[in-house]
Amino acid sequence: MLPPLLIPIYQPDLGGKEKAYVNQCLDSTWISSKGEFIERFQAGFASYIGAPNALAVSNGTVALHLALATLGLGAGDEVIVPSLTYVAPVNAIRYVGATPVFADADPVTWQVSVADVAARITPRTRAIIAVHLYGQACDMLALAAIANAHGLLLIEDCAEALGTRIGDRHVGTFGDIATFSFFGNKTITTGEGGMVVARGAAHQKLALKLRGQGLADDREYWHDVVGFNFRMTNICAAIGLAQLERADEFLAQKRTLAEAYARELQGLPLELHAEVAGTTHSFWMCSLLTEQPSQRDPLRRALRDHGIETRPVFHPVHTMPMYAQGQTGLAVSVELGARGINLPSWPGLGEAGVQTVCTAIRAHFQD
Ligand SMILES: Cc1ncc(COP(=O)(O)O)c(C=O)c1O
């Protein structure tokens with residue numbers, strides 16, 4: 001039997017104004033998807049990342065679906081997406097009827113390989129999805145240059161990247177459209193929730209319309225396109241606003257964790273997912289690689305024996321049954337997926353928590 005879980009991989013901090021704001025929703029009866037907190041959360045979020053607007057939706061997966069529908073992607077279109085990612089962006093390509101084309105990862109940053117993206121472009125390619133993985137940034141300047149040169153749309157999946165910057169610029173402001181997730185394990189949470197950030201006014205308008213059942217501009221209860229109900233509730237937005245007020249605090253705490261992990265794990269045969277010069281890693285997940293794939297699961301098991309929860313780095317999506325099309329040349333994704341571990345990374349873990357995790361890791365390597 002497994003010992004009790006003492007240190008989870010993640011745990012949200014709801015100790016700010018969440019309760020007060022949610023109570024305002026309850027007291028006012030504005031509990032559905034209209035109400036002041038939706039507007040306040042959207043405006044606050046847009047301002048936080050330096051984007052012209054933001055549209056709150058019910059989760060990060062529908063954010064991606066809405067983004068791809070807004071860009072008009074569909075049957076016959078190829079969309080280049082990393083194989084080393086959470087499955088949601090790949091599913092979103094399928095939802096709109098387009099075809100995912102997998103690109104490999106960079107072995108150092110773990111982000112999509114720019115050279116491999118370029119190599120996968122065909123006459124059918126219409127878009128690239130950059131997924132900022134685990135809080136690290138993709139090379140957006142290079143990807144934007146490729147997209148421009150080939151007339152491709154550029155989508156950023158920033159679900160794992162609140163607080164991630166390239167220079168001074170927040171991710172999500174480089175492409176045509178970007179998405180965020182506020183699931184309970186994200187840097188800020190609304191329980192379930194997401195955000196769509198579109199650069200152009202036409203895309204902003206269309207995303208708003210599609211989010212709300214494709215309602216026509218000038219006639220009540222008249223729908224002139226097939227839309228969705230992807231709206232966020234006022235209650236979720238109330239939690240989101242309270243979380244956003246503390247985003248800088250959470251990010252500072254997470255940076256402290258990453259620094260403590262780096263210090264405490266020095267000298268062990270492990271490679272940390274480190275910050276890249278010129279970027280800000282938001283350390284959504286503090287992560288590492290074992291030297292060999294065969295060392296990964298024993299280390300995870302040893303930590304679990306100490307009551308410490310970890311996660312494996314994502315299984316490459318091209319190896320999953322519904323996407324196993326025999327695509328080749330994805331060896332780095334396979335390697336990282338087999339060697340990687342995400343460590344407990346929640347803001348309140350603190351340096352003492354990191355020390356407990358690292359003591360268990362050291363003990364494992366001394367055995
Ligand atoms: C990279 C990435 N994209 C999309 C999502 C989907 O977000 P959600 O779980 O809010 O639907 C996640 C969520 O974990 C994610 O990690």
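Residues numbered from 1 in each chain as written. Predicted model: local features only at pLDDT ≥ 70, side-chain atom pairs only at ≥ 80, totals over all residues.

(A) Expanded view of the site of the ligand. Lining the immediate environment of the ligand, one finds 14 residues, of which Gly60, Thr61, Ala88, Ala159 and Ser181 sit closest. Residue assignment for the shell around the ligand shows that the elements contributing at least two residues are helix 3 (60-70) and helix 4 (88-95). Considering only residue class, the shell around the ligand consists of six nonpolar, six polar and two charged. (Near = placed C-beta within 6 Å. Helix = DSSP H or I, 4+ residues; strand = E, 2+ residues; numbered from the N terminus. Nonpolar A, V, L, I, M, F, W, Y, C, P; charged D, E, K, R; others polar.)

(B) Quick look at the domain arrangement of the protein chain. For the protein chain, the assigned domains are domain 1 (18-244) and domain 2 (247-366). One C-alpha centre belongs to domain 1, the other to domain 2, and the line joining them spans 25 Å. Listed by partner, the interface residues are 30 residues for domain 1 and 29 residues for domain 2. Secondary structure elements with two or more residues in the side of domain 1 that touches domain 2: strand 3 (99-103), strand 6 (165-166) and helix 8 (234-244). Tallied by class, the residues present in the side of domain 1 that touches domain 2 amount to 17 nonpolar, ten polar and three charged. (Domains from an automatic or database assignment. Contact = placed C-beta atoms within 7 Å.)

(C) Geometry of helix 3. The buried fraction of helix 3 is high, at eleven of eleven residues. Of all the residues in helix 3, the buried ones are Gly60, Thr61, Val62, Ala63, Leu64, His65, Leu66, Ala67, Leu68, Ala69 and Thr70. Where helix 3 ends, the next residue or the one after it, glycine 72, has phi of about 75°, a positive value. (Buried ≥ 20, exposed ≤ 12 C-beta atoms within 10 Å, placed from the backbone.)

(D) The arrangement of the environment of aspartate 104 in detail. Summarising the element assignment, aspartate 104 is placed in the loop between strand 3 and helix 5 (114-119). You can call aspartate 104 buried: it has 27 C-beta atoms within 10 Å. In sequence terms aspartate 104 and proline 316 are 212 residues apart; their C-alpha atoms lie 9.3 Å from each other. Look past the residues within four positions of aspartate 104 in its chain and what remains in contact with it is Ser83, Ser113, Asp116, Gly329, Leu330, Ala331, Val332 and Ser333.

(E) Structural view of the sheet that holds strand 6. Read across the sheet, three strands follow the order 7-6-11 without closing on themselves; strand pairing throughout is antiparallel. In this open sheet, the two strands that pair with only one neighbour each are strand 7 (169-170) and strand 11 (279-280). Where strand 6 lies against strand 11, two bridges are found, and the strand directions are antiparallel. Paired with isoleucine 166 across the bridge in strand 11 is threonine 279. (Pairing = 2+ DSSP bridges.)

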